[in-house]
Amino acid sequence: MEKILDIITGKMERAFAEAGFDAAFGRVTVSNRPDLCEYQCNGALAAAKQYKRAPIQIANEVVSKLAAADYDLVEAVMPGFINLKLSGAFLARYLEQMRTAPDFGIRKTGEGKTIVVDYGGPNVAKPLHIGHLRSAIIGESLKRLYKFFGWNTIGDIHLGDWGLQMGLIIAELQERQPQLPYFDPDYTGAYPAEPPFTLTELEQIYPAASARKKEDPDFAGKAHQATFELQSGRPGYRALWRHIMDLSVADMTRIYDDLDVHFESWLGESDADPYIPAMLENIKAQGLAVMSEGALVMPVAEPTDKKEVPPCILVKSDGSSIYATTDLATMVQRMADWRPDKLLYLTDKRQALHFEQVFRAARKSGIVPPRTELEHIGFGTMNGKDGKPFKTREGGVMRLERLIGDMTDFVRAKVVENRIVEADQVEATTKIIAMAALKYGDLSNQPTKDYIFDMDRFAAFEGNTGPYILYTIVRIKSILAKYGDWDHLPVQVPANAQAKELMLALTRFAGAMEAALAGSAPNLICAYIYELAGWVNKFYHETPILKEEDHALQAGYIALMGLAKRVLEQCIYLLGFQAPDKM
Ligand code: ARG
């Protein structure tokens, strides 16, 4: 379906042409004077210069060519603006088409295209922390948005399962339990099926090893050696690695499930490893790599650079590959397996330079062909109320699980206190509201900006919050449930001013979704539904929907509420949460 603005513009362009002017002057925009009109066209002012005529004359001639039935108001005003208010019939027709079309008639611009969204990046053996929250939430939302526009979407978790952290754990474990068969190079039997540690122990081993590395160069050396041997395939280390992976991945899955975040691909950095040798050969054969201080690097600076862009390191002087090597090799794998049209990465914005280097290296070497778009979204930091990166009260990094738990406890207290639902529904409803509070709180900010995590504000039932949106949906649901069968009712002409505002807001759905997609900006979906919910509530307050005795009129109210509910639910689905039945 065409967007309403495009339809109105089309009509305006034809009117300009019929009046003898260039159709290109017919561009219509949403009015910047909503007190005067809904839409406006300023084309006559520009046309005046070209045709050497008074703008108001041109505007009047164009207005005379517009079909009066489409507008409640269509007038030329000094010095030459054309002001428009749409007619109820025009609006009802448009919304009825939107109501009956699949996915509200959104244009499936992504049909036939594939995107890989890289929005996990958790490191094995380290608990998920709040740094992983933003990539998970923003990435999941963008993935759903791409899918909505018809893209084939692959969310890849890209586990950090291969680096020094693995060697550190192995080295630390060897010190603690040297008798284990994993460390005996002559051992040829089968390794135990059960891991020699619990998840809790594992999560304690890593920070201990990491701290030790800084003080104990000997230990650091052992960890590097263990990393190298793991990567070269030493069987005992591989077996240990499997244990670490199994425990860690099971735990991550649980937390991502809680967040309603789902990855289609569970590959990790280790899966890119087999692609590295051929990739390096290829880069070398093209003469793109040079030796620098014992390391193999690929210069990626460009003359137009305003800041220095250092070369992309491919192989370190000790022979090991690093983060950039893995990312490039992962691109090789993704191109080979999925032939994507776009690769989208979400990380903290501090990784911006890394992605700049990797993207340039990928282009130069041809690993990623020109037809495949590359985008990195570097998101801002989640801060505490003091404006500094969010920490636990003890000053540590907060585990994601704890953050979700705190938010859930906070919301549960409200749900219980306000007796929102029956006792047996408390847990389910709490979870739904807590998710909305958390995700909307994050997504309503522009991804690149830092924001302040404020539980009170995020979980409030009023204001620009997730729970407020849910509350609006629940209100509509309750009206619809009281009314009965509603989903076949056609949209009617607006019965009052609030109905018209609500209808106008509904027509803006497609434009808002397109803007969110184009700008990788779920915050635009939030802004849209906040506005839409406002109009729903104004309409509800001004209109005795369930008390209306004129049944035909009432059916129109209900149809409008039904469409608003469906649009709001579609939007919150795109944001990654859902609405309860009662609240
Ligand atoms: N594991 C990485 C980290 O913790 C994030 C990975 C992001 N994705 C990527 N393809 N580099 O920093």
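Everything numeric here is computed off the predicted structure, so don't read it as measured data.

Each value, and the rule that gives it
- Residues numbered from 1 in each chain as written.
- Predicted model: local features only at pLDDT ≥ 70, side-chain atom pairs only at ≥ 80, totals over all residues.
- Heavy atoms only, no water.
- Helix = DSSP H or I, 4+ residues; strand = E, 2+ residues; numbered from the N terminus.
- Buried < 20%, exposed > 50% of the residue type's maximum accessible area, 1.4 Å probe, protein only.
- Contact = heavy atoms within 4.5 Å.
- Areas by Shrake-Rupley, 256 points an atom, 1.4 Å probe, with all protein chains shown as cover.
- Lys, Arg positive; Asp, Glu negative; His and termini not counted.
- Charge placed at Lys NZ, Arg CZ, Asp CG, Glu CD.
- Phe/Tyr/Trp six-rings, centres within 6.5 Å; stacked < 30°, edge-to-face > 60°.
- Lys NZ or Arg CZ within 6 Å of the ring centre and 35° of its normal.
- Near = heavy atom within 4 Å.
- Polar contact = N/O pair within 3.5 Å; in protein donor to acceptor, adjacent residues only side chain to side chain.
- Nonpolar A, V, L, I, M, F, W, Y, C, P; charged D, E, K, R; others polar.
- Pairing = 2+ DSSP bridges.
- Axes fitted to C-alpha atoms, helices over the stretch in contact; angles between N-to-C directions.
- Arc of directions from axis to C-beta.
- Parallel < 35°, antiparallel > 145°, perpendicular 65-115°, else oblique.

Student: Any details on the overall build of the protein chain? Residues and values, ideally.
Tutor: Along its length, the protein chain carries 21 helices and 13 strands. Projected onto its principal axes, the C-alpha positions of the protein chain cover 90 × 65 × 40 Å. Scored against the burial criterion, the 583 residues of the protein chain give a buried share of 52%. For the protein chain, the proportion of contacts with a sequence separation of at least 24, taken over those separated by at least 6, is 74%. Here the protein chain has roughly 25,900 Å² of accessible surface; of this, 53% comes from carbon and sulfur atoms. Counting 65 positive and 76 negative side-chain charges, the protein chain places the centres of these two groups 5 Å from one another.

Student: Account for the packing of aromatic side chains, with residues named and values stated.
Tutor: A full pass over the atoms with the stated rule returns 24 aromatic pairs. Relative to W151, the ring of Y146 lies with its centre 5.0 Å away and its plane at 90°, an arrangement referred to as edge-to-face. The exposure class assigned to W151 is buried, which follows from its relative accessible area of 9%. With a centroid separation of 5.7 Å and an interplanar angle of 75°, the aromatic rings of F539 and Y557 are classed as edge-to-face. Of this pair, F539 sits in helix 20 (residues 522-542) while Y557 sits in helix 21 (residues 551-575); the two residues are 18 residues apart in sequence, bridging distant segments of the chain. Look at F539 and you get buried, because its relative accessible area is 0%. On the basis of relative accessibility, which here comes to 7%, the residue Y557 falls in the buried class. Of the aromatic side chains, those joined through ring pairs into one cluster are F104, F148, F149, F509 and Y528. If you follow R144 out to its NZ or CZ, it ends over the ring of Y573, 4.5 Å from the centre. Stacked on the ring of W535, the Lys or Arg K538 has its end atom at 4.7 Å from the ring centre.

Student: Tell me about the site of the ligand, and please be specific about residues and values.
Tutor: Neighbouring the ligand are D118, G121, N123, H158, Y323, D327, Y345, T347, Q351 and F355. One of the side-chain N or O atoms of D118 is found 2.8 Å from a nitrogen atom in the ligand. A distance of 2.7 Å is found between a nitrogen atom of the ligand and a side-chain nitrogen or oxygen belonging to D327. Contact with the protein chains removes 85% of the 350 Å² of surface that the ligand exposes when unbound. For the shell around the ligand, a count of residues per class yields three nonpolar, five polar and two charged.

Student: Can you tell me about the sheet that holds strand 2 (residues 39-41), naming the residues and giving the values?
Tutor: Pairing within the open sheet is antiparallel, and its four strands lie in the order 1-2-4-3. A strand with exactly one partner marks an edge of an open sheet, and here the two such strands are strand 1 (28-30) and strand 3 (71-77). Between one strand axis and the next, the sheet turns through 25° on average, direction left out of account. Here three bridges tie strand 2 to strand 4 (residues 81-86), and the two strands are oriented antiparallel to one another. Residue pairing in the sheet places Y39 in a bridge with L84 of strand 4. Packing against the sheet, helix 18 (residues 497-507) makes contact with strand 2, strand 3 and strand 4, and its axis sits at approximately 105° to strand 4.

Student: Before we move on, can you summarise the pairing of strand 8 (residues 295-298) with the specific residues and values?
Tutor: Remember that side chains alternate between the two faces of the sheet whenever the strand is regular. A two-sided burial pattern is seen for strand 8, the buried positions comprising A295 and V297 on one face and L296 and M298 on the other. As judged from the three bridges shared by strand 7 (residues 290-292) and strand 8, these two strands associate in the antiparallel manner. Pairing of V290 across the sheet is with V297, part of strand 8. Pairing analysis gives three bridges linking strand 8 to strand 9 (residues 312-315), with the strands arranged antiparallel. Note on strand 9: the bridge partner recorded for L296 is V315.

Student: An account of the side chain of T153 is requested, with residue identities and associated values reported.
Tutor: Structurally, the position occupied by T153 is in strand 6 (residues 152-156). Sequence-distant contacts of T153, that is, excluding residues within four places in its chain, are made with I115, K143, Y146, K147 and E264.

Student: Would you mind going over helix 19 (residues 509-518) in detail, with residue names and values included?
Tutor: Here helix 19 has its buried residues at F509, A510, A512, M513, A516 and L517. Viewed end-on, helix 19 has its buried residues packed into an arc of 165°, placing them on one side of the element. For helix 19, the secondary structure elements touched by its buried residues are helix 4 (88-100), helix 5 (131-148), helix 18, helix 20 and helix 21. Once helix 19 finishes, S520 follows within two positions and takes phi at roughly 45°, a positive value.

Student: Let's hear about the packing of helix 5 against helix 21: which residues, and what values?
Tutor: Remark: helix 5 packs on helix 21, axes separated minimally by 7 Å, with the N-to-C direction vectors making an angle of 130°. Here helix 5 lies oblique to helix 21, going by the angle between them. Contact residues: S141, R144, L145 and F148 in helix 5; Q570, Y573, L574 and L575 in helix 21.

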